[in-house]
Every structure is written in C-alpha cells, then in structure tokens.
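Commentary on secondary and tertiary structure
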Amino acid sequence: MIKSVNFNGNIIPESENYLNHENRGLRYGDSLFEAIRVSSDKIFFWEDHYLRLMASMRILRMEIPMSFTMEFLEAEILKTVTSNGLSNSTARIRLTVFRNNGGLYLPETNEVSFCIEANVLPSPFYVLEEGDYEVELFKDFYVNADMMSTLKTNNKIINVVGSVFAKENDYDNCILLNQKKQVVEFLNGNIFLVKGSSITTPPLQDGCLNGILRKKLIEILEKLENYELKEASISPFDLQKADEFFLTNSIIGIRSITKYRKKEFTNVVAKDLIGKLNAAARLS
C-alpha cells in the first residue's frame, strides 16, 4: 500500500509535493502540531489534544476555521488512519496546523491549513520498556521559561541539537534546563521525579511543555492516596537524590530512567502507574 497523507481533507500520496518553499512552518516555524496515539480507531485522550490545539492556535493568533470542530478533526484523523490501512492497528498521528503562505514575519493572512500523517506503532497499549536508559543534562542552550515554551510548536531546534548531542555522547536522552538552571523536561517528554511517596513535576511556569500525558498523570496521581503530587521546581541536584524518575509523552506513555551519571534508579512507581494510564486511555 502506498503511504498517504491528509492535506486539508484531501488524501494524497505521501510522495506528492503538496507544500512549497513559501510554507510558513518551514520559513518561520509558524506552526503547531499534536502527536496522537490511535489504536483500532480509538483516539487516546482526543478531547485533551483538541482543546490544547485550539488554545494554542488562539495564543498564536491563528484564525480557527468554523469547520475545526472536535468531530470534524476526529473524522479526518480516522480517514487518514484508514487510508494507510491502519484501522485495525495502532498508529502514531501527527496533526500539523500552519498559517497559510504569504508575508515575511508579518503574515498576509491568519488563515491556516492542516496536514495529518499516520505511522504504525508496535503495541495497542502503553508498555513500560525494561531496557537500559541513560540520560544527561543538556547545557549548551536553555529553554525560555515563558508561555511560548509550553506550546507544541514547530520551533524545536533545541530538541534537535540536544538529540544530536545525546547521540554523539551515547546517551538515550537529555534533560533540558531553563535560564535559572532548573530542570524543565526531556528532549521528547515531561519529567516526573520520585522520592519515597512524593512525586514532583516542574510547573508550567518553569517552561515545560503543557503535555497531555503530564496532565493525565497529574489527574491520576491526585486521586491516589498513596502518593503526594507536587508541581515544583526541580534542580539538577534533586535528580541524584531521587529514587526514580521517568519521562512521559502521548506516544510511549511512560519511560523509566535507569541511569543518570553514577546513580542507577528503580522503576517501581512507573510500573504501578502504567496500568492506571492504560485504563485512563481506554476511558478517554
């Protein structure tokens, strides 16, 4: 089967040139995206993804089309899944919204276009990987602790350069810091730190992505009596004091860190939470 993409509601071959050099996402990063997990036509946490996208578009002063209802975009996502023969499989969806061509920094229009891609995933539910996973701080560049950093925009150059740094130094991932040298997030997900029964994640004010899995895990933890959840700043020194820590994102769910510098970590809490996360996904 030839892979296809959905461009403004039209299913076209992936090989077709449907964007050009004037695309504002390419030129200026004038674009937002959602990475979404779909399993057997069930979109995980779709309402949360949709509401985040709409809020982000308003913040960036994009014109939201009247057609952009939750039902319309859901149907377009599932149409893309079907066109790629993945209706009975699990897929990673990337829904990208970008301002239409025209203008320099000042756009000629605030109208938008969208593109939806689908790629197969190996498991229908979140699975906690057990292999080694070593991380390090990325200190070449810093995240700005402001609202723009909380949005899922195409401005991800620090994540790209950090990923290259990780590969060059044989790390599986890196931790990003803000200008105050506070821990913000991983290159590809939010961070949760475990010490005893206390679980801490950085507040949005520190510059971390307003992640969907971050939001869902906070909701889950707030209902559990055996854990104390805190949204508080984390210093690099706190990492080595932790019993365990892990990253979260909408595609992989939870990924435990096994080693940071000379310390190795457990994954007891992550194992406890992964099942609860899958249950929440099924009910979403």
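Residues numbered from 1 in each chain as written. Predicted model: local features only at pLDDT ≥ 70, side-chain atom pairs only at ≥ 80, totals over all residues. Heavy atoms only, no water.

We now examine unusual backbone geometry. Positive phi values are uncommon outside glycine, yet N8 reaches one of about 55 degrees. Here N8 is to be found in the loop between β1 (4-7) and β2 (10-13). A relative accessible area of 33% places N8 in the partly exposed class. One non-glycine residue with positive phi stands out, namely D41, at about 65 degrees. (Helix = DSSP H or I, 4+ residues; strand = E, 2+ residues; numbered from the N terminus. Buried < 20%, exposed > 50% of the residue type's maximum accessible area, 1.4 Å probe, protein only.)

Bringing the sheet that holds strand β5 (residues 90-99) into the picture now. Across the sheet, which stays open at both edges, the 6 strands sit in the order β2-β1-β6-β5-β3-β4 with antiparallel pairing between neighbours. Of all the strands in the sheet, the pair left with one neighbour each is β2 and β4 (42-43). Bridge count between β1 and β2: 4 bridges; the pairing is antiparallel. Considered in β2, the bridge of F7 is made with N10. Against the sheet, helix α3 (residues 70-83) contacts β1, β2, β3 (31-39), β4, β5 and β6 (112-121), and its axis sits at roughly 45 degrees relative to β6. (Pairing = 2+ DSSP bridges. Contact = heavy atoms within 4.5 Å. Axes fitted to C-alpha atoms, helices over the stretch in contact; angles between N-to-C directions.)

Once that is clear, we can look at the pairing of strand β14 (residues 253-256). The side chains of a regular strand alternate between both faces of the sheet. With 4 bridges joining them, strand β13 (residues 244-249) and β14 adopt antiparallel strand pairing. Residue pairing in the sheet places T248 in a bridge with I254 of β14. Turn length for the β13-β14 hairpin, with the two strands adjacent in sequence and antiparallel, is 3 residues.

Considering the arrangement of structural elements, one finds T80 in helix α3. For T80, a relative accessible area of 0% translates into the label buried. Along the primary structure T80 and I12 are separated by 68 residues, whereas in three dimensions their C-alpha atoms are 9.8 Å apart. Aside from chain neighbours lying at most four places away, what touches T80 is N6, I11, I116, E117 and A118.

A cluster of acidic residues, D132, D170, D172 and E264, forms a negative patch on the protein surface. Along the chain, the position of D172 falls in the loop between α5 (157-168) and β8 (173-178). D172 sits in the partly exposed class, given a relative accessible area of 42%. (Patch = residues over 30% accessible without salt bridge, like charges linked within 9 Å, V, L, I, M, F, W, Y side chains within 5 Å. Areas by Shrake-Rupley, 256 points an atom, 1.4 Å probe, with all protein chains shown as cover. Salt bridge = Lys/Arg side-chain N within 4 Å of Asp/Glu carboxyl O. Lys, Arg positive; Asp, Glu negative; His and termini not counted. Charge placed at Lys NZ, Arg CZ, Asp CG, Glu CD.)

The values reported here are purely geometric and, on their own, carry no functional implication.
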